[in-house]
Structures are given as C-alpha cells and as structure tokens.
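Structural overview for review
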Amino acid sequence: MSAAQKLRELLARPEIIVIPGVYDCLSAKLVEKAGFDVAATSGFGIAASTLGLPDYGFLTATENLSTVGRIAQSINIPLIADCDTGYGNALNVMRTVKDAVQLGLAGIILEDQEWPKKCGHFAGKRVISMTEHAGKIRAAVEARGDSGLVIIARTDARAPLGLEEAIARGQSYINAGADVLFVEAPQSVKELEIIAAAFPNVPLVANIVEGGKTPAISPIELQNLGFKIVFFPLTALMAVTEVMSGCFRHLKAEGRTDNLSGLMNFQDFQELMGVPKYLAVEKEYKE
C-alpha cells in the first residue's frame, strides 16, 4: 500500500489525526518511534535547519523537495509535505506535484499566498486571486494522476481579507478538487467553529503554533468542532532549539558534559539509527 493510500485510510476513520511537524530525517524517525501515524514537514523548520533563515520565501523548490524526499525515505509512515505556493503558476505546481509523487509523499499542502510567501502566523501576508489558486489546485489534481496523492488546499486570506473571504476561497478550492481544506490562522475558538460549520463534510486542518494566532485547544475539542487534522508544525523545532541552547551554554560554561543531564543514551541512539542492523548486514557480506 502506498503512503498516499495509507493517509487516505486514516482520513476515512472517525478520529482526528494528530500530526507533528518534522524538519529532518532524525525528527521524522522520532515521530515514527513515538507511535504517530503520520508526519508532516514544516516549511519554517526546513528553512531554519537547512538555511538558518526564517519562513520568508527563502527556501527554493529544489531545497525543499530534496529534503522532504530524504525524510520520506527514512520512515515507514506517510509524510505530508509543506510545498508552499507550488513555486510558481499552475505549470510549476504540476511539476511540483509530479516530483512529490516520485518522492513517495502521501500528501502536499499548497497555499494561496503571493511569492515570496511568509509563515502563516506572520504579519504582512498577501494572497493571489481566488481564481488563480483554484486553477493551481485543478492543475495539482490533474498532475497527480492515479497516485492518490492527497491535495491539501491552504488559504491565508483570513489575515489580509477576513474570515468570510477565507471561507469563500475554501469552498472554491474544494470545488476545484482539493481533498482537505486548511484555513490558516483563525484567531479564536469562535472562528474555528464558523469554519467547521461552513464545511460539515470536508476534512479540515487546524494548525497549532505555540505563541501563534490560533488558540491552542485540545485535539478532542477540535474533533468535536469538526476538524480532521491538527498539525503541531513547530513544537519539536522549538523544543530542540531550547534543549540545544542549554546544552551549548552548559558546555561553554563547564567545559565538560559528563555532568550534563537530559542526553539520550548512546546505545539507544545507535538503535534508533539502525546501527545493529547495518553491522549485521556488513558482517554477512564479509563472510
């Protein structure tokens, strides 16, 4: 069964899908080890870890797809990739989708921001016309062929144009063939309720960024409202950044690590990376 088919099976179940954001192969392997059914790449996470830059349109299609392709190959659970705007017009979207299928992705997110895009919880976002993005969604649906790739249409219109416009765009994108709708950055529980009421039969995404625009209510509350997916795109990135900062401060101050708490055991890290398996394979071909 393909990764896309696995994701579609999960979408058909009644339970909400909690999906952590990942930014490299290690974070993705940890998500799988923790027992999650799906992982999703964070554009901000990849921009930060790959370039040391914010989610401000600096990441190119090549850089993003190269990274998400490696991540998809490193795990056995479906991976959803943040593909920004599709990196151009409908023709560029078609190429992005074909690359996504070849890389074995389960789903992709395509947003309606103008390029250069920004993190969905930043100020100053601008969006293209509803008609243009609907055309890009139609192009994505055609380009995926019979692969089953899940197309998640995202609208960032809430901030610049208001919630009513975001809902109108969402309906347009679903009519264009999107499988899942992602209205980015609603600013209250009431707005979440309004979105859910407007799309009673559509799988909906909630995106929880700690310190961001959307209130951090629980997955079960989101499920009760009518949401199908909840992303936690930056949680791991911010947690790891805090832990690494503390580690480096300790090393700088102490000049030693034997008294540093919170480290994974070296043997456990080797297990996570599959060292025993590769040692066994190496031994097999030496004999």
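Scroll up a little and you will see the structure.
Quantities reported herein were computed from a predicted structural model and do not represent experimental measurements. (Residues numbered from 1 in each chain as written. Predicted model: local features only at pLDDT ≥ 70, side-chain atom pairs only at ≥ 80, totals over all residues. Heavy atoms only, no water.)

Here's the deal with helix H9 (residues 189-198)
For clarity, the cut-off: Burial classes: relative accessible area under 20% of the type maximum marks a residue as buried, over 50% as exposed, and values in between as partly exposed (1.4 Å probe, protein chains only). Helix and strand definitions follow DSSP, with helices as H or I runs of at least four residues and strands as E runs of at least two, each counted in order from the N terminus. This arc is built from the directions going out from the helix axis to the C-beta atoms. Contact criterion: two residues are considered in contact whenever any of their non-hydrogen atoms come within 4.5 Å of each other.
Among the residues of H9, Glu191, Leu192, Ile195 and Ala196 are the ones counted as buried. The buried side chains of H9 occupy one side of the element, clustering within an arc of 135° when seen end-on. For H9, exposure combined with an orientation more than 90 degrees from the buried face picks out Lys190 and Ala197. Close packing links the buried residues of H9 with helix H7 (158-161), helix H8 (163-175), strand E6 (180-183), strand E7 (204-207) and helix H10 (219-225).

Description of helix H2 (residues 25-33)
Working note: α-helix, 3.6 residues per turn, so residues spaced by three or four point in the same direction. Cut-off, in case you're wondering: The term polar contact refers here to a pair of N or O atoms within 3.5 Å; inside protein, the definition further demands a hydrogen-donor-capable atom paired with an acceptor-capable atom, and it admits residues adjacent in sequence only when both atoms are side-chain atoms.
Along H2, the residues classified as buried are Ser27, Ala28 and Val31. Down the axis of H2, the smallest arc covering the buried residues is 100°, so these residues share one side. Contact partners of the buried residues in H2: strand E1 (17-22), strand E2 (39-41) and helix H4 (61-74). N-cap assignment for H2: the residue whose side-chain oxygen lies 3.4 Å from the backbone N of leucine 26 is aspartate 24. Positive phi appears at glycine 35, one or two residues downstream of H2, with a value of about 100°.

Re the packing of H8 against H9
To be explicit about the condition: Lines fitted to C-alpha atoms define the axes here, with helix axes fitted over just the stretch in contact, and angles between the N-to-C directions of these axes take values from 0 to 180 degrees. In what follows, roughly perpendicular refers to angles from 65 to 115 degrees, roughly parallel to angles under 35, roughly antiparallel to angles over 145, and oblique to any angle outside these ranges. Each crossing is labelled by how the near helix is turned from the far one, with a counterclockwise turn of less than a right angle marking it left-handed and a clockwise turn marking it right-handed. Under the scheme applied, nonpolar residues are Ala, Val, Leu, Ile, Met, Phe, Trp, Tyr, Cys and Pro; charged residues are Asp, Glu, Lys and Arg; polar residues are all the others, including Gly.
Close contact between H8 and H9 brings their axes to 11 Å; oriented N to C, the two are set at 30°. Of the possible angle classes, the one that applies to H8 and H9 is roughly parallel. As H8 runs across H9, the sense of the crossing is right-handed. Only Glu191, Ile194, Ile195 and Ala198 of H9 make contact with H8, whose side of the interface consists of Leu163, Ile167 and Gln171. Classifying every residue of the contact of H8 with H9 gives five nonpolar, one polar and one charged.

Details of unusual backbone geometry
The omega torsion of the bond from tryptophan 115 to proline 116 falls at 5°, within 30 degrees of zero and hence cis. Topologically, proline 116 is positioned in the loop between strand E4 (107-111) and helix H6 (130-144). Even without being glycine, aspartate 84 reaches a positive phi, approximately 50°. Position of aspartate 84 among the secondary structure elements: in the loop between strand E3 (79-82) and helix H5 (90-102).

So, a nonpolar patch on the surface
Here is the rule we go by: Residues with no salt bridge and a relative accessible area higher than 30% make up the patches, which join like charges within 9 Å and nonpolar side chains (Val, Leu, Ile, Met, Phe, Trp, Tyr) within 5 Å. Accessibility throughout is a Shrake-Rupley quantity obtained with a 1.4 Å probe, and a residue counts as covered only by protein chains that appear here. For salt bridges, the criterion is a side-chain nitrogen of Lys or Arg within 4 Å of an Asp or Glu carboxyl oxygen.
Residues Leu26, Leu30, Met264, Phe266, Phe269 and Met273 make up a contiguous nonpolar surface patch of roughly 530 Å² in combined accessible area. With respect to the helices and strands, the residue phenylalanine 269 is situated in helix H12 (residues 266-272).

As for the pattern of salt bridges
Under the definition given, this model contains 15 salt bridges. Here glutamate 114 makes a salt bridge to arginine 126, at a shortest N to O gap of 3.4 Å. With a gap of 12 residues between them, glutamate 114 in the loop between E4 and H6 and arginine 126 in the loop between E4 and H6 connect regions that are remote in the sequence. Note that arginine 256 and aspartate 258 form a salt bridge whose closest N and O atoms lie 2.5 Å from each other. Residue arginine 256 is classed as partly exposed on the basis of its relative accessible area of 40%. Residue classification places aspartate 258 among the exposed positions, given a relative accessible area of 60%. One salt-bridge network, in which partners are shared between bridges, spans Asp55, Asp84, Glu111, Lys117, Lys125, Arg154, Asp156 and Glu184.

Quick word on the pairing of strand E8 (residues 229-232)
This is how it is decided: Each pair of strands is called paired provided DSSP finds at least two bridges between the two strands. Here the term right-handed applies to a crossover when the path leading from its first strand over the helix to its second strand runs clockwise, the strands being oriented away from the viewer.
Of the two faces of E8, the one lined by Ile229 and Phe231 and the one lined by Val230 and Phe232 are each fully buried. For E7 and E8, the ladder comprises three bridges, and the chain directions are parallel. Within E8, the residue paired with alanine 206 across the bridge is valine 230. This β-α-β element, E7 to H10 to E8, shows right-handed connectivity.

Let's talk about the packing of H2 against H4
Between H2 and H4, the least distance of the axes is 9 Å, while the angle of their chain directions is 35°. Here the hand of the crossing between H2 and H4 comes out right-handed. Together, Cys25, Ala28, Lys29 and Glu32 of H2 and Arg70, Ile71 and Ser74 of H4 make up the contact between the two elements. A class-by-class count of the residues in the contact of H2 with H4 yields three nonpolar, one polar and three charged.

Keep in mind these numbers describe shape, not what the thing actually does.
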